[in-house]
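Each chain, written out:
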Amino acid sequence: MKKQLLSLLIWVITIGTYSQISFENGYYITNSNEKVACQIRNVDWKNTPIEFEYRLSEHSETQKMGIPEVKEFGVYNFSKFVRAKVDMDRSSDNIQNLSANKHPIFQQEEIFLNVLIEGEANLYEYIDGHLKRYFFNLDTIDIQPLVHKTYRFSATEIGANNQFRQQLLNHLKCDSMNGMDIERLTYKKDRLIAYFIQYHHCHGMAFTNYSERQKSAFFNVSLRPRLNSSSLTIENQPSGSRNTDFGHKLGFGLGVELEFVLPFNKNKWSIFVEPTYQSFKADKTREVTNISGQILIAEVDYNSIEIPIGVRHYFFLNSNSKLFLNFAYVVEVALDSTIEFKRGDGSVIGDLEMKSSNNIALGAGYKINDKYSVELRYLTSKNNLGYHNTYDSDYRSVSLIFGYSFL
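This write-up is about the structure you can find in this document. This is a predicted model, so every value here is computed, not measured.

Rules and cut-offs
- Residues numbered from 1 in each chain as written.
- Predicted model: local features only at pLDDT ≥ 70, side-chain atom pairs only at ≥ 80, totals over all residues.
- Heavy atoms only, no water.
- Core = buried A, V, L, I, M, F, W, Y, C linked by side-chain atoms within 4.5 Å.
- Buried < 20%, exposed > 50% of the residue type's maximum accessible area, 1.4 Å probe, protein only.
- Helix = DSSP H or I, 4+ residues; strand = E, 2+ residues; numbered from the N terminus.
- Contact = heavy atoms within 4.5 Å.
- Pairing = 2+ DSSP bridges.
- Polar contact = N/O pair within 3.5 Å; in protein donor to acceptor, adjacent residues only side chain to side chain.
- Salt bridge = Lys/Arg side-chain N within 4 Å of Asp/Glu carboxyl O.
- 1 Å grid on protein atoms, 1.4 Å probe; cavity = no way out; pocket = protein on both sides within 12 Å on 5 of 7 lines; lining within 4 Å.
- Points joined across faces, edges and corners; volume = space filled by probe spheres on them.
- Nonpolar A, V, L, I, M, F, W, Y, C, P; charged D, E, K, R; others polar.

**Focus on the nonpolar core**
L123, L146, L168, L172, L192, Y195 and F196 are the most contacted members of the largest nonpolar core, which totals 23 residues. Secondary-structure elements contributing two or more residues to this core are β7 (106-118), β8 (121-128), β9 (131-138), α2 (163-171) and α4 (189-203). Looking at which element gives the most residues to this core, the answer is α4, with 6 residues. If we ignore the near neighbours within four places in the chain, the residues touching Y195 are L168, L172, M177, I182 and L185. Membership of the second largest hydrophobic core comes to 18 residues, among which are I234, A298, Y302 and L352.

This is the structure in structure tokens:
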């Protein structure tokens with residue numbers, strides 16, 4: 001059942017990802033320098049694309065074009081990609097796979113480059129999985145790589161070739177930018193963008209910052225009270241005399257969610273963690289024949305902190321509202337939780353400790369104005385008595401969760 005639910009969730013998210021990303025006004029430039037207005041499917045590419053989908057009008061057929069056919073394409077007020085033949089170093093930056101050669105190993109490739117800064121000096125980015133490379137050019141200089149390579153200096157030491165600093169010092173000079181600015185510069189997107197902006201400001205030159213238009217990652221912090229409908233049954237394997245169905249109970253819980261919205265795919269994906277307090281209290285009285293008084297009272301007092309760690313996908317309905325689906329692995333910390341068995345006169349026969357047990361959560365919900373949300377969440381069965389040789393338990397819950405984002 002869990003595998004079926006997970007497969008269904010993955011299928012729905014895959015279909016939703018494809019259908020929800022919209023076509024936006026853009027253009028492409030052909031090899032014969034013809035600029036064609038069109039609508040481009042803006043997927044806010046995480047990796048630098050090798051092709052893109054477009055249509056000439058809202059009702060025309062969707063087509064694809066790639067590197068061989070297009071010199072440039074862009075989505076207005078969002079992004080721009082240019083085709084270039086560049087020297088590419090694909091040396092690994094993974095510590096386990098570092099080269100002993102400090103010099104880049106170049107091979108010429110024809111690729112699309114994402115334009116970050118466009119002006120007198122242009123800054124470009126290329127991403128392919130874990131590989132990130134930056135390039136630049138001026139009116140008098142063709143596009144060339146900003147050289148940075150991490151390498152293994154010895155069996156225990158790692159070095160870095162930071163030639164990109166000298167490249168910038170040679171070609172992007174300004175009286176207000178000294179050698180110390182270069183020495184502190186790291187091979188990071190935000191730092192390089194800031195340097196190119198500083199260069200243009202220093203010379204009083206106009207420029208376009210495309211990276212500013214592409215939404216970055218951000219955090220949401222939300223208060224998440226909820227109404228829980230929960231059930232608990234326990235089974236005593238040897239005799240069955242203490243088998244108990246506590247039935248369904250309504251209860252309240254409270255969580256705080258920290259959500260990190262990922263900076264790609266139009267902010268449709270996020271990861272979250274949501275520490276939540278929940279409790280379940282119930283009792284059941286039954287007639288039995290194997291204890292004095294023939295009355296057995298089972299009382300459960302179950303309290304825990306559940307910590308769902310998961311992934312969420314949004315489906316935008318309009319600029320103010322969106323649907324979402326999420327999947328989470330729920331880590332539990334049980335808090336002084338017991339099941340106690342008593343006779344009819346109140347004397348205690350014995351008790352069981354309910355220990356932590358992890359499970360899966362599947363949820364679907366609606367959010368409006370990036371502020372208020374409601375979610376229906378199903379949590380799969382868990383066995384808090386699994387450590388015991390003769391007892392098992394089955395705890396399930398469905399939650400109606402209300403959310404208020406204050407950050």
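**Some details on the pairing of β7**
Note: strand β6 (residues 79-89) against β7, 9 bridges, orientation antiparallel. Bridged to M88 within β7 is Q107. Sheet analysis places β7 next to β8, joined by 3 bridges and oriented antiparallel. In the strand pairing of β8, I117 is matched with L123. Two successive antiparallel strands, β7 and β8, enclose a turn made up of 2 residues. Direction of pairing for β7 relative to strand β13 (residues 208-209): antiparallel, over a ladder of 2 bridges. Of the residues in β13, the one forming a bridge with E118 is T208.

**Some thoughts on the side chain of K80**
When you line up the elements, K80 lands in strand β6. Look at K80 and you get buried, because its relative accessible area is 10%. Within the structure, the side chain of K80 is placed 2.3 Å from the side chain of E118, a separation counted as a polar contact. Every residue in contact with K80, bar those within four places of it in the chain, is listed here: Y27, E72, F73, G74, L113, N114, V115, E118 and Y210.

**Re the pattern of salt bridges**
Taken as a whole, this structure holds 25 salt bridges when the rule is applied. The partner of E274 in a salt bridge is R224, with the nearest N and O atoms 3.1 Å apart. Separated by 50 residues along the polypeptide, E274 in the loop between β16 (269-273) and β17 (276-287) and R224 in strand β14 (residues 218-236) bring together distant segments of the chain. The exposure class of E274 is buried, given its relative accessible area of 0%.

**Side note on the pairing of strand β1 (residues 23-30)**
Pairing analysis gives 7 bridges linking β1 to strand β2 (residues 35-41), with the strands arranged antiparallel. Counterpart to Y28 in the pairing with β2 is V36. Between β1 and β2, which pair antiparallel one after the other, the connecting turn spans 4 residues, and N33 there sits at a positive phi close to 70°. With 5 bridges connecting them, β1 and strand β5 (residues 70-75) associate as antiparallel partners.

**Comments concerning empty space enclosed by the protein**
Applying the stated criterion across every chain yields a total of 3 cavities of 30 Å³ or more. Class assignment of the residues belonging to the lining of the largest cavity gives a composition of 3 nonpolar, 6 polar and 3 charged. There is about 70 Å³ of room inside the second largest cavity. As for the second largest cavity, its lining consists of D87, M88, D89, P104, F106, R133, F135, P145, L146, V147, H148 and Y187. Looking at the lining of the second largest cavity, the elements that each hand over two or more residues are β6 and β9. Top contributing element to the lining of the second largest cavity by residue count: β6, with 3 residues. Of the residues that constitute the lining of the second largest cavity, the class distribution is 8 nonpolar, 1 polar and 3 charged.

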